[in-house]
Amino acid sequence: MMKKNLIIIALASACLLSSCGDYNKVLKSQDYSYRYEAAKEYFFSGQYNKASVVLADMITILKGSTKAEESLYMLAMCYYGQGDWLEASSTFKKYYTTYPRGEFTELARYYTCRALYNDTPEPQLDQTSTFSAINEIQTFCEYYPTSIYKDDAQNMMFELQDKLVEKEYLSAQLYYNLGNYMGNNYESCVITAQNALQDFPYAKRREDLSFLIVRAKYKMAVESVLEKQEERYRDVVDEYYAFKNEFPESKYIKDVEKMFKAANKNIKD
């Protein structure tokens, strides 16, 4: 049994060495057709690292030939297959700008969207790349309104918009938690939440943001100087009616009604 295992290991090692030898042979070969076919073989067998090394070296050599377009697209797909989202998106962009009517242009634009989408960070981090991804997706949908990938592209965009809203929600929450520390952070909470609702009216966080506005306005009224309190309590009442009208079955309805009753007690008839 042990002898059999050793034979298997030896055969596997021999295959690996043979493979490495073939790969080195490909890299050193001056036969560009051979290198090109080898790169395709690596690509279609999922050996993206090997394929990308060969293709990256071949792009300049193949420039102007019929193989150049396919090579550039395969190189981008290799980076994508390796999870190198920035290099993938950059190479896909290079493809569709070089070949605006190329065979793979629609796919290149679609995978640019996918690569940028995959590269976006968690909501609490800087969202510059998320805006870039959204812009790319919007452009794709404009270029290809009937594409089979349009639904997927739109779903990516909705998810990215929700990520931006989550970022704003976390910011609004932070302002609320800071309260009156070094300024009126309740007002900043309200403004941040209102802007998010205006920019993304169909966001999943709409109910949470709306509730946060009521809470912040109520706290702002409670902690106001006497001469501003009644006006701010009236603002709470207005916000309550708007909230209840939009979310009559809200999970926050009991909390909102408590604030409404407390605000009413501080309003003169």
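One can find the structure itself at the top, above this paragraph.
Predicted, not measured: the structure shown is a model, and the values here were computed from it. (Residues numbered from 1 in each chain as written. Predicted model: local features only at pLDDT ≥ 70, side-chain atom pairs only at ≥ 80, totals over all residues. Heavy atoms only, no water.)

Engineer: Teacher, can you tell me more about the pattern of salt bridges here?
Structural biologist: Per the stated rule, a full pass over the model turns up 14 salt bridges. Arg-114 is the salt-bridge partner of Asp-152, the closest N and O atoms lying 3.1 Å from each other. Of this pair, Asp-152 sits in helix α8 (residues 150–178) while Arg-114 sits in helix α6 (residues 105–118), placing them 38 residues apart in sequence. Judged by its relative accessible area of 18%, Arg-114 is buried. Close ionic contact of Lys-251 with Asp-208 constitutes a salt bridge, the shortest N to O distance being 3.8 Å. Of this pair, Lys-251 sits in the loop between α11 (226–246) and α12 (253–265) while Asp-208 sits in helix α10 (residues 206–222); the two residues are 43 residues apart in sequence, bridging distant segments of the chain. (Salt bridge = Lys/Arg side-chain N within 4 Å of Asp/Glu carboxyl O. Helix = DSSP H or I, 4+ residues; strand = E, 2+ residues; numbered from the N terminus. Buried < 20%, exposed > 50% of the residue type's maximum accessible area, 1.4 Å probe, protein only.)

Engineer: Explanation requested: the side chain of Thr-105 in the structure shown.
Structural biologist: On the secondary structure map, Thr-105 appears in helix α6. A polar atom in the side chain of Thr-105 sits 2.8 Å from the backbone nitrogen of Gly-102. Thr-105 has contacts with Tyr-95, Tyr-96, Tyr-99, Pro-100 and Tyr-144, leaving out every residue within four places of it along the chain. (Polar contact = N/O pair within 3.5 Å; in protein donor to acceptor, adjacent residues only side chain to side chain. Contact = heavy atoms within 4.5 Å.)

Engineer: Any chance you could explain helix α2 (residues 32–44) here in plain terms?
Structural biologist: Count 3.6 residues to each turn of an α-helix, and residues three or four apart come out pointing the same way. Taking 1.5 Å of rise per residue, the 13 residues of α2 would be expected to cover 18 Å, and the 18 Å separating its terminal C-alpha atoms lies within 8% of that figure. Taken together, the buried positions of α2 are occupied by Arg-35, Tyr-36, Ala-38, Ala-39, Lys-40, Tyr-42 and Phe-43. N-cap assignment for α2: the residue whose side-chain oxygen lies 3.3 Å from the backbone N of Ser-33 is Asp-31. Looking one or two places after α2, you find Gly-46, whose phi comes out positive at around 80°. (Expected span 1.5 Å × (residues − 1).)

Engineer: Explanation requested: the packing of α8 against helix α9 (residues 185–199) in the structure shown.
Structural biologist: Each pair of packed helices can be described by the angle between their axes along with the distance between the axes. Their axes nearest at 7 Å, the elements α8 and α9 cross at an angle of 165°. On the basis of their axis angle, the class for α8 and α9 is roughly antiparallel. The way α8 lies across α9 gives a crossing that is left-handed. On the side of α8, the interface is formed by Glu-168, Ser-171, Ala-172, Tyr-175, Tyr-176 and Leu-178, while α9 contributes Asn-185, Tyr-186, Ser-188, Cys-189, Thr-192, Ala-193 and Ala-196. (Axes fitted to C-alpha atoms, helices over the stretch in contact; angles between N-to-C directions. Parallel < 35°, antiparallel > 145°, perpendicular 65-115°, else oblique. Left-handed = near helix turned anticlockwise from the far one by under 90°.)

Engineer: Before we go on, may I ask you to explain α6 in this structure?
Structural biologist: Here α6 is 14 residues long and its end C-alpha atoms lie 20 Å apart, about the 20 Å a rise of 1.5 Å per residue gives. Across the 14 residues that make up α6, a large majority, eleven, are buried. Here α6 has its buried residues at Thr-105, Ala-108, Arg-109, Tyr-110, Tyr-111, Thr-112, Cys-113, Arg-114, Ala-115, Leu-116 and Tyr-117. On the buried face of α6, the contacting elements are α4 (67–81), α5 (85–98), α7 (128–143) and α8.

Engineer: Help me out: how do you make sense of the packing of α7 against α8 in this one?
Structural biologist: Packing of α7 against α8 brings their axes to within 10 Å, and their N-to-C directions diverge by 155°. By the angle between their directions, the pair α7 and α8 is classed as roughly antiparallel. When the axes of α7 and α8 are compared, the crossing they make is left-handed. Together, Thr-130, Phe-131, Ala-133, Ile-134, Ile-137, Gln-138, Phe-140 and Cys-141 of α7 and Lys-150, Ala-153, Gln-154, Met-156, Met-157, Leu-160, Gln-161, Lys-163 and Leu-164 of α8 make up the contact between the two elements. The class makeup of the residues in the contact of α7 with α8 is eleven nonpolar, four polar and two charged. (Nonpolar A, V, L, I, M, F, W, Y, C, P; charged D, E, K, R; others polar.)

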